[in-house]
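# Working through the structure, step by step
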Amino acid sequence: MPLRDRGELVGRLLAAPRSAREPLSDGDLALLADVAGPAASVARTVRLTADLRASRERLVLAREEERRRIRRDLHDGLGPSLAAQTFQLDEILDRVGSDPEGAAEVVAALKAHNRELVADVRRLVHALRPPTLDELGLAGALRAHAAQLDGSGRIRVRVTATPDPLPPVPAAVEVAGYHIAREAITNAIRHAHATQCTVTLAAGGDELVLAVVDDGRGLAAGEPSGGEPGLGLRTMRERAEELGGSFELRDGPGVEVVAVLPVRGAPVASARVVPAEPESARTAPGATA
């Protein structure tokens with residue numbers, strides 16, 4: 001007997017007759033039908049709980065990896081550089097009276113070094129949240145990225161938004177949409193060898209729909225060896241599902257990436273239901289759900 005919850009098949013209830021001579025009666029079937037409803041809710045809840053736990057574990061791991069990266073950049077990069085500047089300032093103080101020209105040379109070197117530190121700080125900040133999102137919004141940031149690609153001559157990218165400008169969306173949705181779109185464009189260049197790409201943003205109701213379509217070779221020609229999804233595809237899917245959204249990849253002609261991101265009440269992690277076996281599948285008799 002199929003177990004359906006909210007119209008979705010989540011499993012099957014298997015029941016065996018008491019014996020070969022005593023088939024299930026109409027009363028037995030009616031009782032099983034009554035049991036199937038609550039059993040379907042329980043089966044769905046168990047799957048949602050397991051998926052939520054796995055998603056939270058991925059979030060914790062990703063967060064700690066990001067913290068480790070930032071700590072390494074601060075400890076091994078900015079920290080020693082700032083300490084070196086202190087020594088250079090001490091040298092300037094020592095020379096400023098007796099050797100003004102030498103002090104000026106150290107100041108010039110310190111100025112050049114300080115520019116490098118500012119670039120490092122900007123790189124760290126950009127890795128956390130691209131500044132263009134705060135300055136231009138999601139559509140504007142993607143248009144700025146498209147303009148850079150157009151200038152390089154590698155691919156022609158067109159970005160459209162409906163409505164334009166887009167309504168305010170949560171910061172997490174902006175970051176996820178930005179990185180998903182950029183990764184999809186990168187895949188179009190690197191794997192599909194596309195010459196044109198269209199990024200469409202549509203905000204309506206409680207969701208933001210992001211679609212990236214290219215004119216490249218398609219999935220069959222650009223997929224990694226062995227047919228396994230690449231890291232970029234997994235990352236895009238995880239970014240969408242961590243917000244409770246969905247991710248879909250459509251092939252031919254070209255490739256279409258579609259991500260649906262909730263913009264109101266988006267949960268921290270996603271919960272997905274693994275499709276059940278077809279109702280026509282048969283197994284040995286038993287009373288399992």
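## Notes on the pattern of salt bridges
All chains considered together, the criterion is met by eleven salt bridges. One salt bridge connects Arg95 with Glu91, and the closest N-O pair in it is separated by 3.2 Å. With a gap of four residues between them, Arg95 and Glu91 both fall in helix H1 (residues 26-98), about one helical turn apart. Of the residues examined, Arg95 reaches a relative accessible area of 29% and is grouped as partly exposed. Residues Asp164 and Arg143 are paired through a salt bridge, measuring 3.0 Å at the closest nitrogen-oxygen approach. Of this pair, Asp164 sits in the loop between strand E3 (156-162) and helix H4 (171-190) while Arg143 sits in helix H3 (residues 131-152), placing them 21 residues apart in sequence. When its relative accessible area of 49% is taken as the criterion, Asp164 is described as partly exposed. Classification of Arg143 by relative accessible area gives partly exposed; the value is 31%. Put simply, Asp5, Arg6, Glu8 and Arg44 are held in one network by salt bridges that share partners.

## Brief notes about the nonpolar core
One finds Val157, Val199 and Val212 to be the most contacted residues of the largest nonpolar core, which totals 39 residues. Where this core is concerned, the elements lending two or more residues are H3, E3, H4, strand E4 (196-204), strand E5 (207-214), helix H6 (231-242) and strand E7 (255-262). Considering each element in turn, this core owes the most residues, ten residues, to H4. Aside from chain neighbours lying at most four places away, what touches Val199 is Leu142, Val157, Arg158, Val159, Thr160, Ala181, Ile185, Leu210, Ala211 and Val212. Among the nonpolar cores identified, the runner-up in size contains eight residues, and Leu3, Leu13, Leu32 and Ala36 belong to it.

## Thoughts on H6
The end-to-end C-alpha distance of H6, which contains twelve residues, comes to 16 Å, matching closely the 16 Å that a straight helix rising 1.5 Å per residue would cover. Buried within H6 are the following residues: Gly232, Met236, Ala240, Glu241 and Glu242. Those residues of H6 that are buried are in contact with H1, H4, strand E6 (246-251) and E7.

## Remarks on the packing of H4 against H6
Direction vectors running N to C along H4 and H6 enclose 160°, while the axes themselves pass 10 Å from each other. It follows from the interaxial angle that H4 and H6 lie roughly antiparallel. Considering how the two elements wind past one another, H4 and H6 form a crossing that is left-handed. Taking contact as the criterion, the partners of Val175, Ala176, His179, Ile180, Glu183, Ala184 and Asn187 in H4 are, on H6, Gly232, Leu233, Met236, Arg239 and Ala240. Broken down by class, the residue content of the contact of H4 with H6 amounts to seven nonpolar, three polar and two charged.

About the thresholds
Residues numbered from 1 in each chain as written. Predicted model: local features only at pLDDT ≥ 70, side-chain atom pairs only at ≥ 80, totals over all residues. Heavy atoms only, no water. Salt bridge = Lys/Arg side-chain N within 4 Å of Asp/Glu carboxyl O. Helix = DSSP H or I, 4+ residues; strand = E, 2+ residues; numbered from the N terminus. Buried < 20%, exposed > 50% of the residue type's maximum accessible area, 1.4 Å probe, protein only. Core = buried A, V, L, I, M, F, W, Y, C linked by side-chain atoms within 4.5 Å. Contact = heavy atoms within 4.5 Å. Expected span 1.5 Å × (residues − 1). Axes fitted to C-alpha atoms, helices over the stretch in contact; angles between N-to-C directions. Parallel < 35°, antiparallel > 145°, perpendicular 65-115°, else oblique. Left-handed = near helix turned anticlockwise from the far one by under 90°. Nonpolar A, V, L, I, M, F, W, Y, C, P; charged D, E, K, R; others polar.

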